[in-house]
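The lines below spell out each chain.
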Amino acid sequence: QVQLVESGGGLVQAGGSLRLSCVASGRTFSSYAMGWFRQAPGKEREFVAVIGWNGVITYFADSVKGRFTISRDKAKNMVYLQMNSLKPEDTAVYYCAADPVYRDWGNRPNALNAWGQGTLVTVSS
């Protein structure tokens, strides 16, 4: 089992940047894909980004491509979401997730193996 704890959320002006972090514990972390979802008030949870176990494969939602990057540090059991050029519509609670498989996260969020508690990102206009 993998346990996840997010940090790095906060209030930022439109056009600004934030970096979210997620620390994982559990002996199988190194073999898991890691990623992020978000849920805005009154909206459904949506996929943001995922990175494969080896840090090579990445996928992003169209809404964040070119603005967000995802990376991981296996030595520290960390995954990061660097968010640049933030927009008010990026305001949401961001959740870290983990799963043995990196494919098709957007279509199977309820099947993912582990979730964090979330961290709030607020982008002011």
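Q: Account for the sheet that holds strand 1 (residues 3–7), naming residues and giving values.
A: Spatial strand order, 1-3-8-7: four strands in an open sheet with antiparallel pairing. One side of each edge strand has no neighbouring strand; the edge strands of this open sheet are strand 1 and strand 7 (68–73). Taking each pair of neighbouring strands and ignoring which way they run, the sheet shows an average axis angle of 20 degrees. When strand 1 meets strand 3 (residues 18–25), the two strands line up antiparallel, connected through five bridges. Bridge pairing links Q3 to S25 in strand 3.

Q: Now, about the pairing of strand 7: what can you tell me, with residues and values included?
A: Only one face of strand 7 is covered, namely the one carrying F68, I70 and R72; the face carrying T69, S71 and D73 has none of its residues buried. Relative to strand 8 (residues 78–83), strand 7 is paired through six bridges, and the arrangement is antiparallel. Looking at strand 8, one finds that T69 is bridged to Q82.

Q: I'd love a proper account of the state of the cysteines, names of residues and values included.
A: Per the stated rule, a full pass over the model turns up one disulfide. Disulfide partner of C22: C96, at an S-S distance of 2.1 Å. Disulfide C22-C96: torsion about the S-S bond near -85 degrees, hence left-handed. Residue C22 is found in strand 3, and its partner C96 is found in strand 9 (residues 92–99); the two are separated by 74 residues along the sequence. The exposure classification of C22 matches that of C96, with both residues buried.

Q: Now, about the environment of D62: what can you tell me, with residues and values included?
A: Its place among the elements puts D62 in the loop between strand 6 (58–60) and strand 7. The exposure class assigned to D62 is exposed, which follows from its relative accessible area of 65%. For D62 and G52, which are ten residues apart along the polypeptide, the C-alpha to C-alpha distance reads 18 Å. Within polar-contact distance, the side chain of D62 engages the side chain of K65 at 3.1 Å.

Q: Could you give an account of the packing of aromatic side chains, with specific residues and numbers?
A: Across all of its chains, the model carries five aromatic pairs by this definition. Aromatic pair F37 and W105: ring centres 6.0 Å apart, planes at 15 degrees, arrangement stacked. With F37 in strand 4 (residues 33–39) and W105 in the loop between strand 9 and strand 10 (114–115), this residue pair connects regions lying 68 residues apart in the sequence. Given the relative accessible area of 1%, F37 is considered buried. For W105, a relative accessible area of 2% corresponds to the buried category. Residues Y59 and Y102 carry aromatic rings whose centres are separated by 5.9 Å and whose planes lie at 15 degrees to one another, so their mutual orientation is stacked.

Q: Can you lay out the pairing of strand 9 for me, pointing to particular residues and giving the numbers?
A: Burial runs high along strand 9: six of the eight residues are buried. Where strand 4 lies against strand 9, seven bridges are found, and the strand directions are antiparallel. Note that in strand 9 the partner of Q39 across the bridge is V93. One ladder, built from three bridges, connects strand 9 with strand 11 (residues 119–124); its direction is antiparallel. In the strand pairing of strand 11, V93 is matched with L120. For strand 9 and strand 10, the ladder comprises two bridges, and the chain directions are antiparallel. Following the sheet pairing, A97 is matched in strand 10 by W115.

Conventions adopted
Along every chain, residues carry numbers that run from 1 in the direction the sequence is written. Note on the predicted model: pLDDT of at least 70 is required for a residue's local features to be given, and 80 or more for side-chain atom pairs to be given and counted; whole-chain, interface and lining totals, by contrast, use all residues. Derived side-chain values reflect all non-hydrogen atoms in the structure, with water molecules and hydrogen atoms excluded from consideration. Being paired, for any two strands, means DSSP has found at least two bridges between them. Counting from the N terminus, the helices are the DSSP runs of H or I reaching at least four residues and the strands are the DSSP runs of E reaching at least two. Structural elements are reduced to axes, namely lines fitted to C-alpha atoms, with helices fitted over the stretch in contact, and the angle between N-to-C directions of any two is expressed from 0 to 180 degrees. Accessible area is worked out with a 1.4 Å probe on protein chains only. A residue is then buried under 20% of its type maximum, exposed over 50%, and partly exposed in between. Pairs of cysteine sulfur atoms within 2.5 Å are what we label disulfides. Here a polar contact means two N or O atoms within 3.5 Å. Within protein one must be a hydrogen donor candidate and the other an acceptor candidate, and residues neighboring in sequence count only if both atoms are side-chain atoms. Side-chain rings of Phe, Tyr and Trp, where Trp is taken by its six-membered ring, are said to pair if the distance between their centres is within 6.5 Å; with planes under 30 degrees apart they count as stacked, over 60 as edge-to-face, and otherwise as tilted.

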